[in-house]
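Okay, here's what each chain looks like letter by letter:
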Amino acid sequence: MSDTVFEVQDVHYSYLGKFPALSGVNMTIRSGEKIAVIGANGTGKSTLLQLLDGLIFPDRGTVTAFGERLLEHSEVYEKAAHRFRQRVGLVFQNADIQLFCPSVREDIAFGPLQFGVAEGEVNRRILEVAEVLDIQHLLDRVPHQLSIGEKRRVAIASVLAIDPDVYLFDEPTAGLDPLTVRHIIDFIVSANQRGKTIITATHDLHIIGEIADTVYVFGRNKSIVSGGSAESILNDRSLLESNNLIHIHRHHHDGREHVHQHLPLEPHD
Amino acid sequence: MSNPLHKKHDFIERSILSALAFLKDATLSEEYANRKGFLQSLDPRFNTISFLAFLVTAVSLKSALLISSLYLLCLILATLSGIPIRKFLLRTLIFIPLFSLFIVLPTLFSFVTPGEPVWSFHVVGITGIITRPGLDGAVLFVVRVAASVSLVVLLSMTTRHSELLKVLRVFGIPQVFVLTVSMSYRYLYLFATMIENIFTAVKSRVGVVSHHRHGQNIVAWNIANTWNRTTQMSEDVYMAMLSRGYTGEPRLLSAFHAKPQDWLWLLCAVVICAFLFYKGYTL
Ligand SMILES: Nc1ncnc2c1ncn2[C@@H]1O[C@H](COP(=O)(O)OP(=O)(O)O)[C@@H](O)[C@H]1O
Ligand SMILES: [Mg+2]
């Protein structure tokens, strides 16, 4: 099928051959889809995104992107790799790692310059993405001295400047204030409306209604325990609870203790 | 409870922390470089060339008075660039003994004439006779060091380090080198911050770090761990570079654009140096 972006088949991955991070993952992602990968810490979400970005390669199983298998030493070091990297952009979980240039401006310029975009056009794109992410005032700042929310927006800008077809977001809203979260969700939704494929790893259930049509739940066994529409997953309390995705509140009322959980859209009491 | 041992450890810990903070502040912070001021508004390439010219002048001149005028110029430039004079003097005074050592050493050796075995006697001989030329020499030396150090410190305080590095590129140093050095520089900063954070984190968990054996172990383990974390980090950064299309041959923005005022500034610098040289020659 020509509109298949990623085909993941029975993928196993372990760090240094002894720390398992993924075991037996299957998924198919089509062009223009909005996908969320949810799971507690350490269930392999970041590992999956790095596999999809062709940065690491499965021990067993295959990852196919745009109809071609991602292989070390063939895909990464050749022309096809360059094309692939232009089409897929990853916003890393840790913005400190993503931003390695001495100024915000240079960080945004880095991607396009590597792809041979002319400098005039690069400068135009810098201003454009800075406006979209509201970071015009930060262009000449040093990235590692910014606040976490500012860093996150710069990191997204550095990927947006490449204008990929597929965005991979690794916990894009973790640790951010509500306004910045709003800004990032709006960005994701509008990118999807422009036809971009979006894959987001998160454990923030509040946002997945907006940023995903399809949700995959990763469990402690480091594989997919369930998948389906965002609505059906959000309504499956026992699934979310057993996978450590909803917190349980303990309250005292008139000396009696009672315990209940919260779903994302329910008001806290 | 005043435990003397505890006090001592506390003192050591505070000294380490303040030394770290000073180093970070003096060498890694770019507070003044980010300010709006005279030198900051100019192209770093032109600043570097002008300062090199001043430096050559300061080192070549034989008159303490003329060198002092360069020093004065340096203080004026610092003020125009938004650097508090007190802070500037403090920072240069700390560096002067360090630089003096490097400059004094060769001059010391030039006094040692070949074949003469006891040079300590020789040194005593020199300090013993305080003649007019001797005193003049000492004054000249101190003024020269003060002026040179101030010039170097002023340039490094008003220019972002990444830009100073980029100036190297103008002189034909390859981009990979510039990128690597500027990144190591950045991670040095992260590293210093990490160690600072570890001290504070351990302190908040253990109470007082230093008199607690347990606390010390945590600090030791954390410093080793920090090293692992930094190597892991460099692998991760490499992945982040790959992800954005890096192929081993980095391409960076060509950042400098000379304005008329840059050329004007360079002209002023050259005229000042020429004038000082002329004065020095006719004196
Ligand atoms: N560099 C690494 N070295 C060893 N183990 C790792 C490394 N990175 C991740 N892991 C392990 O792999 C598993 C999956 O990690 P990760 O993909 O980061 O999960 P998530 O993003 O869902 O929190 C975890 O058990 C983690 O401990
Ligand atoms: Mg993760």
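As the structure is a prediction and not an experimental result, all values here were calculated from the model.

> Outline the sheet that holds strand 4 (residues 60-65) of chain A, listing residues and values.
All names here are of chain A. Strand order in the open sheet formed by four strands is 2-1-4-5, and the pairing between neighbours is antiparallel. The open sheet is flanked by strand 2 (19-30) and strand 5 (68-69), the only strands paired with a single partner. Note: strand 4 against strand 5, two bridges, orientation antiparallel. Bridging across to strand 5, Thr 64 finds its partner in Arg 69.

> Go over the coordination of the magnesium ion (ligand 2) with me, naming the residues and quoting the values.
Residues and elements named next belong to chain A. Ser 46 (OG) and Gln 93 (OE1) make up the full set of protein donors to the magnesium ion (ligand 2), lying at 2.0 to 2.2 Å. With Ser 46 in helix 1 (residues 45-52) and Gln 93 in the loop between strand 6 (88-91) and helix 3 (95-98), this residue pair connects regions lying 47 residues apart in the sequence. Judged by relative accessible area, Ser 46 falls into the partly exposed class, the value being 22%. Taking relative accessible area as the criterion, Gln 93 reaches 38% and is therefore assigned partly exposed.

> Please give an account of helix 5 (residues 119-132) of chain A that cites residues and values.
Residue and element names in this part refer to chain A. Taking 1.5 Å of rise per residue, the 14 residues of helix 5 would be expected to cover 20 Å, and the 20 Å separating its terminal C-alpha atoms lies within 8% of that figure. Within the sequence span of helix 5, burial applies to Val 122, Ile 126, Val 129 and Ala 130. Relative to the axis of helix 5, the buried residues are bounded by an arc of 105° and lie together on one face. Seen from the open side of helix 5, the exposed residues pointing more than 90 degrees away from its buried face are Gly 120, Leu 127 and Glu 131.

> Let's hear about the pairing of strand 7 (residues 166-170) of chain A: which residues, and what values?
Residue and element names in this part refer to chain A. Within strand 7, five of the five residues are buried, leaving the element largely enclosed by the surrounding structure. Neither face of strand 7 is open: one carries Val 166, Leu 168 and Asp 170, the other Tyr 167 and Phe 169, and all of them are buried. Where the polypeptide runs from strand 7 across helix 7 (residues 178-193) and back to strand 8 (residues 197-202), its parallel neighbour, the crossover connection is right-handed.

> Now, about the confidence of the model for chain A: what can you tell me, with residues and values included?
Residues and elements named next belong to chain A. Across chain A, the average pLDDT comes to 88, with 88% of residues at or above 70. Model confidence for chain A, summarised as mean pLDDT per element, is weakest for strand 12 (residues 256-261) at 58 and strongest for strand 7 at 97. Considering only residues more than four positions removed or in separate chains, one finds that residues 265-269, a stretch of pLDDT under 50, has nine contacts.

> Give a detailed account of the interface of chain A and chain B, specifying residues and quantitative values.
With 36 residues of chain A at the contact, the number on the chain B side is 28 residues. For the pair chain A and chain B, the summed buried area comes to about 2900 Å², and 58% of that belongs to carbon and sulfur atoms. When the buried surface of chain A facing chain B is broken down by residue, Ile 97, Phe 100 and His 144 of chain A rank first, second and third, together holding 23% of it. For the pair chain A and chain B, the interface holds one salt bridge.

> I'd like a description of the packing of helix 4 (residues 104-114) of chain A against helix 5 of chain A, backed by residues and values.
Residue and element names in this part refer to chain A. Direction vectors running N to C along helix 4 and helix 5 enclose 125°, while the axes themselves pass 9 Å from each other. Put simply, helix 4 runs oblique to helix 5. For the pair helix 4 and helix 5, the crossing hand works out as right-handed. For the pair helix 4 and helix 5, the contacting residues are Arg 105, Ile 108, Ala 109, Pro 112 and Leu 113 in the first and Val 122, Arg 125, Ile 126 and Val 129 in the second. A breakdown of the residues in the contact of helix 4 with helix 5 according to their chemical character gives seven nonpolar, no polar and two charged.

> Talk me through helix 10 (residues 260-282) of chain B; I want residue IDs and the actual numbers.
Residue and element names in this part refer to chain B. Across its 23 residues, helix 10 extends 33 Å between first and last C-alpha, which sits within 8% of the 33 Å expected from 1.5 Å per residue. Within the span of helix 10, buried status applies to Asp 262, Trp 265, Leu 266, Ala 269, Cys 273 and Leu 276. Tucked inside the fold, the buried residues of helix 10 contact helix 2 (44-60) and helix 3 (64-80).

> Outline the sheet that holds strand 7 of chain A, listing residues and values.
The pairing of strands in a sheet happens through backbone hydrogen bonds and is either parallel or antiparallel. Residue and element names in this part refer to chain A. Spatial ordering of the open sheet is given by 6-7-8-3-9-10, a layout of six strands whose pairing is mixed. Every other strand in the sheet has two partners, leaving strand 6 and strand 10 (224-229) as the edge strands with one partner each. Taking the axes of each pair of neighbouring strands and ignoring which way they run, one obtains an average angle of 15° across the sheet. Bridge analysis of strand 9 (residues 214-218) against strand 10 gives five bridges, and the strand direction is antiparallel. Bridge pairing in strand 10 links Thr 214 to Ser 229. Where helix 2 (residues 79-87) meets the sheet, it contacts strand 6 and strand 7, and its direction lies at approximately 55° from that of strand 6. Taken strand by strand, helix 7 contacts strand 3 (34-39), strand 7 and strand 8, and its axis lies near 150° from that of strand 8.

> Describe in detail the pairing of strand 9 of chain A, supporting the description with residues and values.
Residue and element names in this part refer to chain A. A large share of strand 9 lies buried, amounting to four of its five residues. Bridge count between strand 3 and strand 9: five bridges; the pairing is parallel. Considered in strand 9, the bridge of Val 37 is made with Tyr 216. Following strand 9, the chain reverses through five residues before pairing antiparallel with strand 10; Lys 222 in that reversal takes a positive phi of roughly 60°.

> Report on the confidence of the model for chain B, specifying residues and quantitative values.
Residue and element names in this part refer to chain B. For chain B, per-residue confidence averages 72 on the pLDDT scale, and residues scoring 70 or more make up 52% of the total. The element-level mean pLDDT for chain B is lowest in helix 5 (residues 119-128), coming to 46, with helix 3 highest at 92. Note that pLDDT drops below 50 for residues 104-122; the model gives that stretch six contacts with residues more than four away or on any other chain. Here the complex is predicted with pTM 0.71, and the ipTM for its interfaces comes to 0.84.

> Hey, could you go over the nonpolar core for me, with residue numbers and the actual values?
Residues and elements named next belong to chain A. Judged by nonpolar contacts, the single largest core of 52 residues is most densely connected at Ile 38 and Ile 108. Looking at this core, the element that brings in the most residues is helix 7, giving seven residues. The residues touching Ile 38, leaving out its near neighbours within four places in the chain, are Lys 45, Thr 202, Leu 205, Ile 208, Val 215, Tyr 216, Val 217, Phe 218, Ile 233, Leu 240 and Leu 245. Of all hydrophobic cores here, the second largest spans 44 residues; its members include Val 63, Phe 84, Ile 97 and Tyr 216.

The rules behind these values
Residues numbered from 1 in each chain as written. Chains lettered and ligands numbered in written order. Predicted model: local features only at pLDDT ≥ 70, side-chain atom pairs only at ≥ 80, totals over all residues. Heavy atoms only, no water. Pairing = 2+ DSSP bridges. Helix = DSSP H or I, 4+ residues; strand = E, 2+ residues; numbered from the N terminus. Donors = N, O, S within 2.8 Å, 3.2 Å for Na, K, Ca; no water. Buried < 20%, exposed > 50% of the residue type's maximum accessible area, 1.4 Å probe, protein only. Expected span 1.5 Å × (residues − 1). Arc of directions from axis to C-beta. Right-handed = clockwise from strand over helix to strand, strands pointing away. pLDDT = per-residue confidence, 0-100. Contact = heavy atoms within 4.5 Å. Buried area = accessible area lost by both parts, 1.4 Å probe. Salt bridge = Lys/Arg side-chain N within 4 Å of Asp/Glu carboxyl O. Axes fitted to C-alpha atoms, helices over the stretch in contact; angles between N-to-C directions. Parallel < 35°, antiparallel > 145°, perpendicular 65-115°, else oblique. Left-handed = near helix turned anticlockwise from the far one by under 90°. Nonpolar A, V, L, I, M, F, W, Y, C, P; charged D, E, K, R; others polar. Core = buried A, V, L, I, M, F, W, Y, C linked by side-chain atoms within 4.5 Å.

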